[in-house]
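Breakdown of the fold
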Amino acid sequence: MVTKQFSGSPDEADLRRADSLAREIFSDIANKWAFLIIEALGERTLRFSELRNEVEGVSHKMLTQNLRMLERNGLVERKVHPTVPPRVEYTLTEPGQGLRATVDSMCDWTHRYLGDIESSRSRFGG
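Residues numbered from 1 in each chain as written. Predicted model: local features only at pLDDT ≥ 70, side-chain atom pairs only at ≥ 80, totals over all residues. Heavy atoms only, no water.

A few points about the sheet that holds strand β2 (residues 76–81)
With antiparallel pairing, the 3 strands of this open sheet are ordered in space as β1-β3-β2. Every interior strand has two partners, whereas the edge strands, β1 (46–47) and β2, have only one. (Pairing = 2+ DSSP bridges. Helix = DSSP H or I, 4+ residues; strand = E, 2+ residues; numbered from the N terminus.)

Structural notes on the packing of helix α1 (residues 21–29) against helix α4 (residues 60–72)
Two numbers describe how α1 lies on α4: the axes approach to 10 Å, and their chain directions differ by 145°. Remark: the crossing between α1 and α4 carries left-handed chirality. Residues Glu24, Asp28 and Ile29 of α1 pack against Met69, Leu70 and Arg72 of α4. Here the residues of the contact of α1 with α4 are counted per class, giving 3 nonpolar, no polar and 3 charged. (Axes fitted to C-alpha atoms, helices over the stretch in contact; angles between N-to-C directions. Left-handed = near helix turned anticlockwise from the far one by under 90°. Contact = heavy atoms within 4.5 Å. Nonpolar A, V, L, I, M, F, W, Y, C, P; charged D, E, K, R; others polar.)

Focus: the pattern of salt bridges
Two side chains with opposite charge may pair up if their charged atoms get near one another. Counted according to the given criterion, the structure contains 7 salt bridges. Across the pair Arg87 and Glu89 runs a salt bridge, and its minimum N-O distance is 3.4 Å. Its relative accessible area of 29% is what places Arg87 among the partly exposed residues. Measuring nitrogen to oxygen at the nearest pair gives 3.7 Å for the salt bridge that ties Arg100 to Asp104. Residue Arg100 and its partner Asp104 are both found in helix α5 (residues 94–123); the two are separated by 4 residues, about one turn of the helix. Taking the relative accessible area as the measure of exposure, Arg100 reaches 18% and is therefore buried. Connected through salt bridges with shared partners, the residues Glu43, Arg100 and Asp104 form a single ionic network. (Salt bridge = Lys/Arg side-chain N within 4 Å of Asp/Glu carboxyl O. Buried < 20%, exposed > 50% of the residue type's maximum accessible area, 1.4 Å probe, protein only.)

Rendered as structure tokens:
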């Protein structure tokens, strides 16, 4: 995967531009599994199996892909302990904690407006 490099240009921070670094990052993190992983980690450190149990419905493959992407973007830290078998733990970095505040706000929004959204959906047949 080719990753854009930040050179300081304002165009790189413009989400409206298809070739911007900001859009590449946004595209990476704006998916349900990434948000759910960030929410599950919260202030905790979890092992892979613990994360998989916390994020109901995520496959092994999707969890692996999203953890790698979050680590590549500096949002999750992966620590391997030299044991047999190796013990691997995941925790949010400082930027990951910053994103978590946004994810928490989105969760709060969902809870607040769940009834309104459900009412609207029922008017459209589900």
